[in-house]
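# Observations on the three-dimensional arrangement
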Amino acid sequence: MSSTIVKYGLLPAKRTILVLCDVQEKFRSAALYFSEIIQSSNKLLQASKVLDIPLVVTEQYPKGLGSTVPELDISHAKAVFPKTKFSMVNPDFSKKLDSLCEGNVQCIVLFGLEAHVCVEQSASELCALGLQVHIVADATTSRTQEDRLLAFQRLQQIGCFITTTESVLFKLLGDKENPHFKTISSLIRKPISPTGLAKI
């Protein structure tokens, strides 16, 4: 992997995939800021479709926790993986990863639930594989703010970039002359309720 990408947190569109982690029905009433997470996630999902950035989706024990919530359109996902392991990194996921971006995935944009469990454990294993992981804070949550914010601290300690939806979208665009600039700009202009990232 390019040391420049690792050091400076670039998101080259042709070397990046988006991964939606376990945004499922059973978490709806328990997860903090769930409706705000849906708003941010929707922007990322729409952008992945417009910009042709591969999307992979995971679902933790869907038999018991339900499928991905219907508000999120994941019809363009390259794969939807059910899992019981908390980390999403398993042979099926790894095989799919190897087939995307012409076999040269360098960056993972990771968001979903829960920050301190499946997101954190997945990010740790992805970093161990040499991938640069960007955690989208305003699209990632837990049941408590303490778990959420402390997870972000630990994720930074292992080398993840903690970012926002808007930052990710502008990095993927790269240039105002990008032919999809107007479409993505319209997504960015849609207001999102604050997630309370800076407070406990």
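None of the values given here were measured: they were computed from a predicted structure.

## Topic: the side chain of arginine 148
By the secondary structure assignment, arginine 148 is in helix H6 (residues 145-157). Of the buried charged residues, arginine 148 lacks a salt bridge, with aspartate 138 as the closest side chain of opposite charge at 7.1 Å. Here the side chain of arginine 148 touches glutamine 145 through a polar contact of 3.1 Å, side chain to side chain.

## Some remarks on the side chain of threonine 163
Mapped onto the secondary structure, threonine 163 falls in strand S6 (residues 161-163). Not counting residues within four places of it along the chain, the set of residues in contact with threonine 163 comprises His134, Ile135, Val136, Ala137, Asp138 and Val168.

## What to know about the UniProt feature "domain: Isochorismatase-like" (unreviewed entry) in the protein
Mapped onto this structure's residue numbering, the UniProt feature "domain: Isochorismatase-like" (unreviewed entry) falls at residues 16-167. Between the first and last C-alpha atoms of residues 16-167 the distance is 14 Å; the span itself is 40% helix and 24% strand.

## A look at the nonpolar core
Among the nonpolar cores identified, the biggest contains 32 residues, and Leu18, Leu20, Val23, Phe34, Leu44, Phe111 and Ile184 are the most heavily contacted of them. Mapped onto this core, the elements with two or more residues apiece are strand S1 (16-21), helix H2 (34-51), strand S2 (55-60), strand S4 (107-113), strand S5 (132-141), helix H7 (165-173) and helix H8 (181-189). Among the elements that take part in this core, H2 stands out by supplying six residues, more than any other. Aside from chain neighbours lying at most four places away, what touches valine 23 is Phe34, Ile38, Ser67, Thr68, Val69, Leu72, Gly112 and Leu113.

## Observations regarding H2
Spanning 18 residues, H2 covers 26 Å between terminal C-alpha atoms, matching the ideal 26 Å at 1.5 Å per step. Burial analysis of H2 places 13 of its 18 residues in the buried class, which makes it a mostly covered element. One or two residues past the end of H2 sits aspartate 52, with phi positive at roughly 60 degrees.

The rules we used
- Residues numbered from 1 in each chain as written.
- Predicted model: local features only at pLDDT ≥ 70, side-chain atom pairs only at ≥ 80, totals over all residues.
- Heavy atoms only, no water.
- Helix = DSSP H or I, 4+ residues; strand = E, 2+ residues; numbered from the N terminus.
- Buried < 20%, exposed > 50% of the residue type's maximum accessible area, 1.4 Å probe, protein only.
- Lys, Arg positive; Asp, Glu negative; His and termini not counted.
- Salt bridge = Lys/Arg side-chain N within 4 Å of Asp/Glu carboxyl O.
- Polar contact = N/O pair within 3.5 Å; in protein donor to acceptor, adjacent residues only side chain to side chain.
- Contact = heavy atoms within 4.5 Å.
- UniProt positions renumbered as here; feature names shortened; annotations may be inferred.
- Core = buried A, V, L, I, M, F, W, Y, C linked by side-chain atoms within 4.5 Å.
- Expected span 1.5 Å × (residues − 1).

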